[in-house]
Amino acid sequence: DTGVSQNPRHKITKRGQNVTFRCDPISEHNRLYWYRQTLGQGPEFLTYFQNEAQLEKSRLLSDRFSAERPKGSFSTLEIQRTEQGDSAMYLCASSPKGQGAADYGYTFGSGTRLTVV
Amino acid sequence: AQSVTQLGSHVSVSEGALVLLRCNYSSSVPPYLFWYVQYPNQGLQLLLKYTSAATLVKGINGFEAEFKKSETSFHLTKPSAHMSDAAEYFCAVIISGGYNKLIFGAGTRLAVHP
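Rules and cut-offs
Residues numbered from 1 in each chain as written. Chains lettered and ligands numbered in written order. Predicted model: local features only at pLDDT ≥ 70, side-chain atom pairs only at ≥ 80, totals over all residues. Heavy atoms only, no water. Core = buried A, V, L, I, M, F, W, Y, C linked by side-chain atoms within 4.5 Å. Buried < 20%, exposed > 50% of the residue type's maximum accessible area, 1.4 Å probe, protein only. Helix = DSSP H or I, 4+ residues; strand = E, 2+ residues; numbered from the N terminus. Contact = heavy atoms within 4.5 Å. Buried area = accessible area lost by both parts, 1.4 Å probe. Salt bridge = Lys/Arg side-chain N within 4 Å of Asp/Glu carboxyl O. Polar contact = N/O pair within 3.5 Å; in protein donor to acceptor, adjacent residues only side chain to side chain. Nonpolar A, V, L, I, M, F, W, Y, C, P; charged D, E, K, R; others polar. Pairing = 2+ DSSP bridges. Axes fitted to C-alpha atoms, helices over the stretch in contact; angles between N-to-C directions.

K.L.:
Any details on the nonpolar core? Residues and values, ideally.
P.N.:
Core analysis: the biggest nonpolar cluster contains 26 residues, and B:Trp35, B:Leu48, B:Phe74, B:Leu76 and B:Tyr89 have the highest contact counts within it. Counting only elements with at least two residues in this core, the list comes to strand S2 (10-14), strand S3 (19-26), strand S4 (33-38), strand S5 (44-50), strand S7 (64-68), strand S8 (73-78), strand S9 (87-95) and strand S11 (108-113) of chain B. Residues contacting B:Leu48, with those up to four places away along its chain left out, are B:Leu33, B:Phe34, B:Trp35, B:Val57, B:Lys58, B:Gly59, B:Phe63, B:Glu64, B:Ala65, B:Phe74 and B:Leu76. Counting 19 residues, the second-largest nonpolar core is a separate cluster that includes A:Val4, A:Phe49, A:Leu61 and A:Phe65.

Right, here's the structure in full:
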């Protein structure tokens, strides 16, 4: 197991374009989280999956954002019609189910840095 | 609502000096507390966690933190700073009843100078 993997590491896109990021969690973790981190700030929660079910979405996740986790394995985060304000680091994390999440914490990927020009 | 506040967005210490990064939490129930470290252009790495088993928690890289309920604090310390400790440090709390959602503080950037 190589931890949480995120691709791509960097993405530069023009305003108005759509982008998609991928996250591969630790295989035995059924919980998957997406966070957004802007410069000088702590990560902010975006959304949470338990297996394939998306159980919680932040108000930060506007209708231009969509996340999926088909078959409860990898997840994708898509941003449509990107805006300059979407420029940030997008972090994915996974954790075991049940109390394990609180006892274990999360394992984070290295993130995808998005720059919208 | 549970939250954490990190006091001091920037801390600068000399190599070999004590490192003290402050974190206060707000929680109506016993919290789960975490410290993460982030190096430039990297994800977050777990340093240590408090899960009520012991108030003094030892983590990786020589860091430790003490949970003080009376002060609602979970400050991170290291007796002797090393140049490689320069990074951003985040305190975080688990939101109970919220699918174990981690809520982060704003972070403290640690600089270590010779």
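K.L.:
Break down the interface of chain A and chain B for me, citing the residues and quoting the values.
P.N.:
How big an interface is tends to be stated in terms of the accessible area lost upon association of its parts. In this complex, chain A contributes 27 residues to the contact, which on the side of chain B involves 21 residues. For the pairing of chain A and chain B, the buried interface totals around 1,900 Å² over both sides, and the portion due to carbon and sulfur atoms is 52%. The tally of links between chain A and chain B comes to one salt bridge. Here chain A and chain B share five residue pairs in polar contact (both at pLDDT 80 or more) between them. Residue assignment for the side of chain A that touches chain B shows that the elements contributing at least two residues are strand S4 (31-37), strand S5 (44-50), strand S6 (53-57), strand S9 (88-95) and helix H1 (100-104) of chain A. Split by residue class, the side of chain A that touches chain B holds 13 nonpolar, nine polar and five charged.

K.L.:
An account of the sheet that holds S8(B) is requested, with residue identities and associated values reported.
P.N.:
Strand pairing in a sheet relies on backbone hydrogen bonds, with the paired strands running either antiparallel or parallel. Residue and element names in this part refer to chain B. If you trace the five strands from one edge of the open sheet to the other, you get S1-S3-S8-S7-S6, paired in antiparallel fashion. The open sheet has two edge strands, strand S1 (3-7) and strand S6 (56-58), and neither has a second partner. Sheet twist, expressed as the average angle between the axes of neighbouring strands with direction ignored, equals 20 degrees. Judged from the four bridges that link them, S3 and S8 form a sheet pairing that is antiparallel. Across the sheet, the residue bridging to Leu21 is Leu76, located in S8.

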